[in-house]
Amino acid sequence: MVDSAFDLILVNAPLPDGMGIDFAMEACTESDAGVLLLIKSEMHEETYYKVLPSGVITLPKPTSTQALSQSLRVLCAIRERLRGVRQHQTTVEEKIEELRLVNRAKWLLIECLHMTEPDAHRYITRQAMEERTSKREIAENIIRTYQ
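Let us look at the structure shown here. On a predicted model such as this, the values are computed, not experimentally measured, just so you know. (Residues numbered from 1 in each chain as written. Predicted model: local features only at pLDDT ≥ 70, side-chain atom pairs only at ≥ 80, totals over all residues. Heavy atoms only, no water.)

**Considering helix H4 (residues 117–130)**
Here H4 is 14 residues long and its end C-alpha atoms lie 20 Å apart, about the 20 Å a rise of 1.5 Å per residue gives. Buried within H4 are the following residues: Ala120, Ile124, Gln127 and Ala128. Projected down its long axis, H4 shows its buried positions confined to an angular sector of 100 degrees, all on one face. Residues of H4 that are exposed and point more than 90 degrees away from the buried face comprise Met129 and Glu130. Against the buried residues of H4 lie helix H3 (65–113) and helix H5 (135–146). In the stretch just after H4, Arg132 is the one whose phi turns positive, near 50 degrees. (Helix = DSSP H or I, 4+ residues; strand = E, 2+ residues; numbered from the N terminus. Expected span 1.5 Å × (residues − 1). Buried < 20%, exposed > 50% of the residue type's maximum accessible area, 1.4 Å probe, protein only. Arc of directions from axis to C-beta. Contact = heavy atoms within 4.5 Å.)

In structure tokens:
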């Protein structure tokens, strides 16, 4: 699990080295995988409340093929939703980083070339358009030049 990313992890408890509950909770919190824990019926209720905060889905054993199939579909849907949220989060973080770099570059232009903030902003925007590159690259060049 350390070297590979998994979309779904099914744990058929008990595992040879323990119940598998801790493994299921760790897998759910340390990865983006959807985790389904199959647990003996007698222990299902107690285990459900223990693993719920970690996001582990549980099913009592024995279980029907229909219940297993439905749980796997739910896990797949949750996994896709989580993947979309992660992609959105990455995009937002990249935009924030670009804004930080552009603002840093603007302040360098203000300090070193005595530009106003609107002039510095226009300069970076114009350079990006003229050089057909991103504002981030222009900002990085300005930072390298004036630091």
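**Re the nonpolar core**
Ranked by size, the top nonpolar core spans 14 residues in total, and within it Val35, Leu37 and Val56 carry the most contacts. Listing elements by their share of this core, those giving two or more residues are strand S1 (8–12), helix H1 (21–30) and strand S2 (34–40). Looking at this core element by element, the count peaks at 5 residues for H1. Each residue touching Leu37, except ones within four places of it in the same chain, is listed here: Val11, Ala13, Gly20, Ile21, Ala24, Thr47, Val51, Val56, Ile57, Thr58 and Leu59. In terms of nonpolar packing, the next biggest core, distinct from the first, is built from 13 residues, Leu101, Ile110, Ile124 and Ala128 among them. (Core = buried A, V, L, I, M, F, W, Y, C linked by side-chain atoms within 4.5 Å.)

**Topic: the environment of Arg104**
Within the secondary structure layout, Arg104 lies in helix H3. Among the residues examined, Arg104 registers a relative accessible area of 41% and is labelled partly exposed. Along the backbone, Arg104 and Pro60 are 44 residues apart, and their C-alpha atoms lie at a distance of 56 Å. When residues no more than four places from it in sequence are discounted, the contact partners of Arg104 are Ile143 and Gln147. Separated by 3.1 Å, the side chains of Arg104 and Gln147 make a polar contact. (Polar contact = N/O pair within 3.5 Å; in protein donor to acceptor, adjacent residues only side chain to side chain.)

Coordinates in, geometry out; function isn't part of it.
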